[in-house]
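# Architecture at a glance
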Amino acid sequence: MLIPAGQHPKAIAIAHALIEGFDRHYGIFQQVSRAAKQRFETGDWHAVQRAAKERIRFYDERVDECVARLHEEFHADWLDDDIWQQAKLLFIGMLVNHKQPELAETFFNSVCCKILHRNYFHNDFIFVRPAISTEYIESDPPTYRSYYPRLGGFRGSMRRIVEDFGWQCEFVDLDRDIGFVIDTALAHLGGSWPEIEANFQIQVLSSAFYRNKAAYIIGKAVNGSVEYPFAVPVLRDDSGRLYLDTLLLEPRRIAVLFSLNRAYFMVDMASPSGYVGFLRSMLPFKPKAELYTMLGLAKQGKTVFYRDLMHHLRHSRDDFIVAPGIRGLVMLVFTLPSFPYVFKLIKDEIAPTKEVTKEIVRDKYQLVKQHDRVGRMADTLEFSNVALPKARFTEELLDELRRLAPSLLEEDTHEVVIRHLYIERRMEPLNLYLNRATEGQLEQAVIDYGNAIRELATANIFPGDMLFKNFGITRYGRVVFYDYDEIEYMTDCHFREIPEAPSPEMEMASEPWYPVARNDVFPEEFARFLLGPTEIRRVFLQHHRDLLDPVFWRARQDRIRAGHVEDFYPYPPELRFCNRYTPGS
């Protein structure tokens, strides 16, 4: 770019250092995301897990590197306001033809927020609003590829779609799977194809979406003014051959793939904004913040989320209130009814019955962030120094904040600043849901509650406190765990039988007659603590009685220690082709 005359040499150098820091970050990010294809092809599932965990740390590591460089080379703490303002303007100029300008602006903010005082967090010094448009950024390869069934036939187009991903593995029977795709699409459309319009085409995102043991083909069919989103999971069998597992056509089914309750995707994107725009055209109800996050760009997701929150506050009038439900012993939770999220702070003083500290709680939340959440644990956005309008807080909430978390609170006439908090999607607590559920809803929720515990155990997570109040019901009716202060790795727990009581008196005593060490778990006690003498008990025992037996838990531990990586399907098993179509059909 051309540097305008009169710019301070330090401002020019700082702008270059910031661009170089971001480009280094995204280059490393893209490299590990691109390598997901090879990990999938070779079935190296442990490498998949390591890469997913390590990639989460990349952003903060690159930000810290850049901050250290600015301190070392430019004495960043001592720079005057004019230099910072010039550096920002020069940085904007460097982004004009950049492929990831919105991510670079966020990187600029992250670096500056570690150097500048909060008083500088306005649009003169950081990017409160985006400065560079992300519309129509051209990338190589293009964001999506287009296929024309009118020219090559539907079956031929489907084969080209799959082959264009270039997987270096044979398919078990691609012709058979394509037939299943066609039959499923036809059934979804009521048994007959719509009239073909002149613009009929299939658009497919250029990179597959890799997560866990699957690759996903994501796209949409366009016919006239109607668009049909779809997703095709591609799996690998034990012999290394690939197969198409199902065809997802309902937007709500596809949306579940991008739920924050799951691990982030690995996607090879030259221009992430193009992918987010395409996904938004498929799932217009899905916030951009969540889509960026699910693409592995969590910091950009936080940036967009915060802008959405500020925008919502300017266009709403309701107040922040204490969240409904049973008050927690560790977290103070509040919400804004018109905004579908909850805000969670760690209390200054944690109840003595909880053998945790603030540091332990934060470590537990970080564990969940880095672990595969398998659709059963809520992801959180972690923020520092969040300024919110004081006039929008009820007196009850302000009183709780001042009383229970004063170390995290700053106040002035107009603002409440919270030094540290977590934000996550609002769900109805399971205990409240069960109180109002119909008989059918209650049965389904209790069954899914047990399924959630099973899947968490399979993923090497023991929830610890499994009371209903620590689980929630999502928009899609799934039971999700969201209280992490007692969470442990399964492999760190000791699942024991309750020894026989030496006498009837000891058996009836309030205290156990047997020694209990840290991380000792007695599944036989779950029924007494979790299940009342109600319909809930009947349903749970009918479907999940084995969860009350230590044998179940030790068997799961054995598989985890043996290195077995389980399959998790983010769609109902009845939708899988192997269950939907009989062999030879």
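Preceding this section is the structure that the text describes.
Reading the values: the criteria
- Residues numbered from 1 in each chain as written.
- Predicted model: local features only at pLDDT ≥ 70, side-chain atom pairs only at ≥ 80, totals over all residues.
- Heavy atoms only, no water.
- Pairing = 2+ DSSP bridges.
- Helix = DSSP H or I, 4+ residues; strand = E, 2+ residues; numbered from the N terminus.
- Phe/Tyr/Trp six-rings, centres within 6.5 Å; stacked < 30°, edge-to-face > 60°.
- Buried < 20%, exposed > 50% of the residue type's maximum accessible area, 1.4 Å probe, protein only.
- Lys NZ or Arg CZ within 6 Å of the ring centre and 35° of its normal.
- Axes fitted to C-alpha atoms, helices over the stretch in contact; angles between N-to-C directions.
- Parallel < 35°, antiparallel > 145°, perpendicular 65-115°, else oblique.
- Left-handed = near helix turned anticlockwise from the far one by under 90°.
- Contact = heavy atoms within 4.5 Å.
- Nonpolar A, V, L, I, M, F, W, Y, C, P; charged D, E, K, R; others polar.

### A look at the sheet that holds strand 15 (residues 471-473)
Here we have 3 strands laid out as an open sheet, ordered 13-15-16, and antiparallel in their pairing. Of all strands in the sheet, those with a lone pairing partner are strand 13 (428-429) and strand 16 (479-481), marking the two edges. When strand 15 meets strand 16, the two strands line up antiparallel, connected through 3 bridges. Note on strand 16: the bridge partner recorded for Ile473 is Val479.

### Concerning the environment of Glu195
Following the sequence through the fold, Glu195 ends up in the loop between helix 8 (174-188) and strand 2 (201-205). Taking C-alpha positions, Glu195 is 33 Å from Ser273, a pair spaced 78 residues apart along the chain.

### Considerations on the packing of aromatic side chains
For the structure on display, the rule yields 45 aromatic pairs. An angle of 55° between the planes, with centres 5.7 Å apart, marks the rings of Phe40 and Tyr210 as tilted. Here Phe40 is found in helix 2 (residues 36-42), whereas its partner Tyr210 is found in strand 3 (residues 209-211), with 170 residues between them in sequence. Grouping residues by exposure puts Phe40 and Tyr210 together as buried. Centroid distance Phe334 to Phe393: 5.9 Å. Interplanar angle 50°. Geometry classified as tilted. Of this pair, Phe334 sits in strand 8 (residues 331-335) while Phe393 is found in the loop between strand 10 (381-389) and helix 14 (395-404), placing the two residues 59 residues apart along the sequence. As far as the burial class goes, Phe334 and Phe393 line up, both buried. Taken together, the ring pairs connect Tyr365, Tyr422, Tyr449, Phe468, Phe471, Phe481, Tyr484 and Phe540 into an aromatic cluster. A cation sits over an aromatic face here: Lys88 above Phe127, 4.8 Å from the ring centre. Sitting over the face of the ring of Tyr569, Arg576 holds its NZ or CZ atom 4.1 Å from the ring centroid.

### Section: the packing of helix 1 (residues 9-34) against helix 4 (residues 81-94)
For the pair helix 1 and helix 4, interaxial distance at closest approach is 8 Å and the crossing angle is 50°. One element, helix 1, and the other, helix 4, form an angle in the oblique class. At the point where helix 1 passes helix 4, the crossing takes the right-handed sense. Taking contact as the criterion, the partners of Lys10, Ala11, Ile12, Ile14, Ala15, His16, Leu18 and Ile19 in helix 1 are, on helix 4, Ile83, Trp84, Gln86, Ala87, Leu90, Phe91 and Met94. Of the residues assigned to the contact of helix 1 with helix 4, the class counts are 12 nonpolar, 2 polar and 1 charged.

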